Every structure is written in C-alpha cells, then in structure tokens.
There are 2 protein chains.
Amino acid sequence: MDTLLDASTPVSEAALVAIAYMPTRSLPTLMNDDFARRLSDADFMRIAVWLAQKSFDEGGCPIGAVIVDNATRRILGKGHNTLVQENHPYHHGETSALRDAGRIDFGRTTLFTSLSPCEICATLLSMRGFCRVVVGDVTNASGTEPLLKARGVRVDILEDARGIELYARFRAEKPELDLEDWKGLSATR
Amino acid sequence: MDTLLDASTPVSEAALVAIAYMPTRSLPTLMNDDFARRLSDADFMRIAVWLAQKSFDEGGCPIGAVIVDNATRRILGKGHNTLVQENHPYHHGETSALRDAGRIDFGRTTLFTSLSPCEICATLLSMRGFCRVVVGDVTNASGTEPLLKARGVRVDILEDARGIELYARFRAEKPELDLEDWKGLSATR
C-alpha cells in the first residue's frame, strides 16, 4: 500500500502533526517503515509536544508522550494528559501512552515525554522496565531523573523550545490546574 | 425514594456483593445514607474483596479497592485491576478506584485495598493526599506501608481471610500474570 509518508517524503512539521493526531493502530495507513526509520529523537519529541498542544487546545494540561520501538523506530503508543478531558485524577502523558501501547515488553522501547516525569510516573517507568526515557523539558520541572538512572533507566535530556514555552504559558494561565495535576486537589485547598 | 438497603436492613454478604457490583454513581438507588453509615471498615474491605473476586471471575488479577468519604461513609469510587480486561499495562485496583472517583479531594477519604499497594500506587496515594489507607492483605505482598507512613498517610492493616486465599490461589494458578502485573512483561522474559 502506498502511504502519504514514505522513503522520499520530507520530515516536515505537517507530517509530525499528522502522526501525532493519527490513532496509533492506524499509523501504518499514514506512514511506512522507511519513513519511521528516518525520524530522529528530536522528531519524536516534537510529536510528543504536538500531543501536548492537542491537550492544551482541549483545555487540558499540555503534556504528551510517545513510546518507540528501539529497533524498528515504530511508534507503539502515544497520548497526552487527560486530567480535564477524562476527569481523571491521575492520567499523565506517560500513563496515557502506556495505556495506548497495551501489554507489551517496554524493555525494548524508549519513552519520549514532553515534560520531566512526576515521581509516580518515574516509578512506573522503572517498574515497567523501560530501557530509555527522553525528557523534553527540565526547565519547568525536574527532579526524577536521578531516580530513573539509579534504577538502570538511561535518561537523555532533549529539550524542545516550543514544548517549554507551551508549558510555561499553561502554568501562568492555569496555576491551580498545574498544581492539581502534580499533587491532587487536596494540595489546592 | 425507598431503597433496598436502609436503616433496618441487615448488613449481609448479599448486600455487600450488590454494592460491589452496582456502578458507583447508581449506589444511591440501592442504599441510603443510613445504611452506608452502618458499614464497618471490615465491610468496606469485604466489598474490595468482592471486586477482586469479580476481576478473578473475568480472568484477571484479583485486586479491588474502595474509596470512602471519612465523614459520610459514602462510597466515592471503587474498582479492580484491569490488566487483562482492558489490556492495560498499569491499571491496578487503586488506580481503578481513583479513576472511578474522578477529580475529588482525596484528603478527606480513606482507600481500602484488598492487597498491599505496589510502589507506584503507594507513591500515587501519597501524592493524591489520601488521609488513610486500609490494607486487606499483607500476607501475599507487603513493603510499601513504611513509604506511606513516612509521607503522613495513616495505614491500617485489616486482613480479610477470603481475599488472602483468593490472591494466593491466583498466584499459584497464574504466576506469569502475577509477575507481569507487578513488574511488567519485561520482567517475565
């Protein structure tokens, strides 16, 4: 099957947007494996940031994540925070991507997250055996990278300026939502 | 409205089963506040165990949880592990009950769990500000109680013999599922 994105297509911003919005199971209808192999770490991070943008546009918390197979570079799961969208007291970018991926062996995958993980998610990523975690923003939040490293997870910082700007804007505009997402409603009393 | 369970109804095993299976939002059609106030901690734990039994009967991991308002003793959320049922790599009894409860202030609630929490869930419960956690089984698993206490969460052990027996049976019958639920598929390689 011919796909819109193949070996000869430029890796454009429009391509990354389309990948972010396409359901994971339907990605093979949009791009083939040749295209996937040409995506850089910065491209996957940009996809996570576009997922964060999607959540922001829906009135939610702008944090996205993408899970990639280390060997094939195929996207196995992706998602964004759904505190507002699903009225969910703990559904961060990372858990959203894990739910999307389902029951797979995360030991052969890398997770790209647009924001430094909270302590719950850092514990989750280490207990699900992730090989590597790439963090797109340690400017607005940080602190769990040592925890991940101490448990044998490789951590790379690959900051995305657009993602950092987006999260800073969200925090300035909706500080209570930001606090609730990190520490729960009880912390906002 | 008259309800099946009211001030004069015995707190029977059949009543606890019906409460476990009734959707949380529909509980007021089954029992009124007078009945709720007569439920003991052991009764709420038994409801969590019935939710664990429901999950076991569906072929899943038998762990259930119930979130109760400290003042009114109303059930605000409940659920069970859905690793198998939702193909979900991290949806434990605790997260299931939290999702069911939605965005509420957990600082005024108690969570009853049929099994000692994993480290991810213990971190989650402390970061969502739970006032108290009641654990129904420290025989098949334990270890995160000190973490919870160190973060100011009151922890009570209230073991339920039926829940303990059920989890031991599950672990003996499906050791790989038990391991995957705790540590992910990568740990089962």
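Residues numbered from 1 in each chain as written. Chains lettered and ligands numbered in written order. Predicted model: local features only at pLDDT ≥ 70, side-chain atom pairs only at ≥ 80, totals over all residues. Heavy atoms only, no water.

1. Digging into the interface of chain B and chain A
Move 1: On the chain A side, the residues contacting the 33 residues of chain B number 33 residues.
Move 2: Between chain B and chain A, the buried area comes to about 3,000 Å², and carbon and sulfur atoms account for 56% of it.
Move 3: Where chain B packs against chain A, one counts five salt bridges.
Move 4: Measuring nitrogen to oxygen at the nearest pair gives 2.8 Å for the salt bridge that ties E180(B) to R103(A).
Move 5: Linking chain B with chain A are 13 residue pairs in polar contact (both at pLDDT 80 or more), by the criterion used here.
Move 6: Looking at the side of chain B that touches chain A, the elements that each hand over two or more residues are α4 (93-101), α5 (119-127) and α8 (175-183) of chain B.
Move 7: The residue inventory of the side of chain B that touches chain A, partitioned by class, reads 13 nonpolar, 10 polar and 10 charged. (Contact = heavy atoms within 4.5 Å. Buried area = accessible area lost by both parts, 1.4 Å probe. Salt bridge = Lys/Arg side-chain N within 4 Å of Asp/Glu carboxyl O. Polar contact = N/O pair within 3.5 Å; in protein donor to acceptor, adjacent residues only side chain to side chain. Helix = DSSP H or I, 4+ residues; strand = E, 2+ residues; numbered from the N terminus. Nonpolar A, V, L, I, M, F, W, Y, C, P; charged D, E, K, R; others polar.)

2. Things to note about helix α3 (residues 41-57) of chain A
All names here are of chain A.
Move 1: Look at α3: 24 Å from first C-alpha to last across 17 residues, which is about the 24 Å you get at 1.5 Å a residue.
Move 2: Among the 17 residues that make up α3, 13 are buried, leaving the element largely enclosed by the rest of the structure.
Move 3: After α3 finishes, the residue G59 shows a positive phi value of roughly 90 degrees. (Expected span 1.5 Å × (residues − 1). Buried < 20%, exposed > 50% of the residue type's maximum accessible area, 1.4 Å probe, protein only.)

3. Quick notes on the pattern of salt bridges
Residues and elements named next belong to chain A.
Move 1: Inspection of every chain in the model, using the stated rule, returns 33 salt bridges over all chains.
Move 2: Note that E13 is salt-bridged to R46, the shortest N-O span being 2.8 Å. Here the residue E13 occupies a position in helix α1 (residues 13-21), and R46 occupies one in helix α3, the gap between them amounting to 33 residues.
Move 3: Under the relative-accessibility criterion, E13 is labelled partly exposed at 30%.
Move 4: Overall, the relative accessible area of 16% leaves R46 in the buried class.

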